Each structure stands twice: as C-alpha cells, then as structure tokens.
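Okay, here's what each chain looks like letter by letter:
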Amino acid sequence: LVRRSAVPAAPIAPAARAAMQQTLGLAWRCCGLPLGTVWACLFCDYVLLTMAIPIFPLIHVSDFMTGLLFAAKAACQIVCAPLFSGFIDRHIKGMILFGLALEISTLGIFATTFSYSCWMVARALSGVASAALVSAGFAHLQRTFQVQEERAMSMGLATT
C-alpha cells in the first residue's frame, strides 16, 4: 500500500529541466571504455594505497619508520611522474599496462613478506606504478575527449 502525499510535487522549470538533461546527456556520453579503464586503474591505485595501512603494525617498527613507509610511495611518485612524461606522450596504453603490472607485483610483495626492507621496496615501487597510472590515465582521457565539457566531466568521474 503506497501512501501518496496530498501536496503535489512542484513542476520543474523548463530551463532547469533542459540544463539537467544536458548534464545527464554529457555524463552519459562520457561513460565508456576509456573512462571505465582509467577509473579502474585509479581505483586499484587508491585501494593499494590504503590497503597496507592495517598491516603496518605487523612489522613492529617505530612510528618514524612507519611514517617513512608511508612517505616512500609519495616521494617516488613525485620523482617519477615528470620522468615518465616523455614515455607517456608516446606510449599511453603501454604505460597504463606497465603501471598495473607493477602494482600487481607490489601487491605480491606485500602478501608474501613481513620484512620492513621488502615493504619499503614494495612501497617505493607502488609510487613508481602510481606515477605511471595517474599520469597516463589522465593523458588518455585528455586525448580521448576533445570537447572541453566532456573532458572535464570524464576527469571528474575518473577520480570519484
């Protein structure tokens, strides 16, 4: 039994309805294989960034050493992102695949060892992979979506 409200819903103004339909149409056009691929890559990167946090206490090191473990990914990402720019310009899809393969290998290192030095290497390699994934992913979206509104929509959707 559905109870209906005695007050009818206010009608949407024609201009607001047109703006809503234009935005939804733009979002629908932006969804597709390129956006889905980049979104999945960034999702994997973000998951692997935070997935290691609950297992850090298992290595029994000081808070400073744990902080270095966190910083290793960001430091390597900052250093490697500008270095990859030339490769990304020529081989976007190859760099995305390289980043994914490297992320998978770092996940394997995390899953099989409990050594601080191995985790530091894995974290640094994860930063290298992240630099490749994020830079190549956004470059791929930029080349795929030529219209400014579609490009902005796709890049916004890729990061959510």
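Residues numbered from 1 in each chain as written. Predicted model: local features only at pLDDT ≥ 70, side-chain atom pairs only at ≥ 80, totals over all residues. Heavy atoms only, no water.

**So, the overall build of the chain**
At step 1: Summing up its helical and strand segments, the chain has 7 helices and 0 strands in all.
At step 2: Across the 160 residues of the chain, 32% fall into the buried class.
At step 3: Sequence-distant contacts, at least 24 apart, represent 78% of the contacts inside the chain between residues at least 6 apart.
At step 4: When the accessible surface of the chain is totalled, it reaches about 9,900 Å², and 72% of it is carbon and sulfur. (Helix = DSSP H or I, 4+ residues; strand = E, 2+ residues; numbered from the N terminus. Buried < 20%, exposed > 50% of the residue type's maximum accessible area, 1.4 Å probe, protein only. Contact = heavy atoms within 4.5 Å. Areas by Shrake-Rupley, 256 points an atom, 1.4 Å probe, with all protein chains shown as cover.)

**Some thoughts on the packing of aromatic side chains**
Between two aromatic rings, the relevant description is the distance of the centres plus the angle of the planes.
At step 1: The tally for this structure, following the rule as stated, stands at 4 aromatic pairs.
At step 2: On the basis of an interplanar angle of 10° and a centroid distance of 5.2 Å, the ring pair of Trp 39 and Phe 43 is categorised as stacked. A residue pair is termed a helical-turn pair when its members lie 3 or 4 positions apart in one helix, as Trp 39 and Phe 43 do in helix α2 (residues 33–51) at 4 residues.
At step 3: Judged by its relative accessible area of 43%, Phe 43 is partly exposed. (Phe/Tyr/Trp six-rings, centres within 6.5 Å; stacked < 30°, edge-to-face > 60°.)

**Details of the state of the cysteines**
At step 1: All chains considered together, the criterion is met by 0 disulfides.
At step 2: Looking at the unpaired Cys 41, the closest cysteine sulfur is the one in Cys 44, lying at 6.7 Å.
At step 3: We classify Cys 41 as buried; its relative accessible area is 4%.
At step 4: Here Cys 80 is not disulfide-linked; the sulfur of Cys 76 is the nearest cysteine sulfur, at 5.8 Å.
At step 5: Residue Cys 80 is classed as buried on the basis of its relative accessible area, which comes to 13%. (Disulfide = S-S within 2.5 Å.)

**Quick notes on helix α3 (residues 63–83)**
At step 1: Taking 1.5 Å per residue as the helical rise, α3 with its 21 residues ought to reach 30 Å, and the 31 Å between its terminal C-alpha atoms agrees with that figure.
At step 2: Within α3, burial applies to Thr 66, Leu 69, Ala 72, Lys 73 and Cys 80.
At step 3: Structurally, α3 contributes buried residues whose contacts are with α2, α5 (92–112) and α6 (116–144). (Expected span 1.5 Å × (residues − 1).)

**Structural notes on the side chain of Arg 151**
At step 1: By the element assignment, Arg 151 lies in helix α7 (residues 148–158).
At step 2: Buried and unpaired, Arg 151 has Glu 150 as its nearest opposite-charge partner, separated by 8.7 Å.
At step 3: When neighbours within four sequence positions are excluded, Arg 151 is seen to be in contact with Gln 142, Phe 145 and Gln 146. (Lys, Arg positive; Asp, Glu negative; His and termini not counted. Salt bridge = Lys/Arg side-chain N within 4 Å of Asp/Glu carboxyl O.)

**Let's talk about the packing of α5 against α6**
At step 1: Packing of α5 against α6 leaves a shortest axis separation of 8 Å and a crossing angle of 155°. Classed by the angle they form, the pair α5 and α6 counts as roughly antiparallel. For the pair α5 and α6, the sense of crossing is left-handed.
At step 2: Here the contact of α5 with α6 is composed, by residue class, of 18 nonpolar, 6 polar and 4 charged. (Axes fitted to C-alpha atoms, helices over the stretch in contact; angles between N-to-C directions. Parallel < 35°, antiparallel > 145°, perpendicular 65-115°, else oblique. Left-handed = near helix turned anticlockwise from the far one by under 90°. Nonpolar A, V, L, I, M, F, W, Y, C, P; charged D, E, K, R; others polar.)

**Comments concerning the nonpolar core**
At step 1: Within the largest apolar cluster, 15 residues are counted, with the highest numbers of intra-cluster contacts made by Phe 84, Ile 88, Met 95 and Ile 96.
At step 2: Those elements giving two or more residues to this core turn out to be α5 and α6.
At step 3: In terms of residue count, the dominant contributor to this core is α6 (7 residues).
At step 4: Apart from residues no more than four positions distant in its own chain, Phe 84 is found in contact with Met 95, Phe 98, Val 128, Ala 131 and Ala 132.
At step 5: Residues Ile 59, Phe 110, Tyr 116 and Ala 122 belong to the second largest nonpolar core, which totals 8 residues. (Core = buried A, V, L, I, M, F, W, Y, C linked by side-chain atoms within 4.5 Å.)

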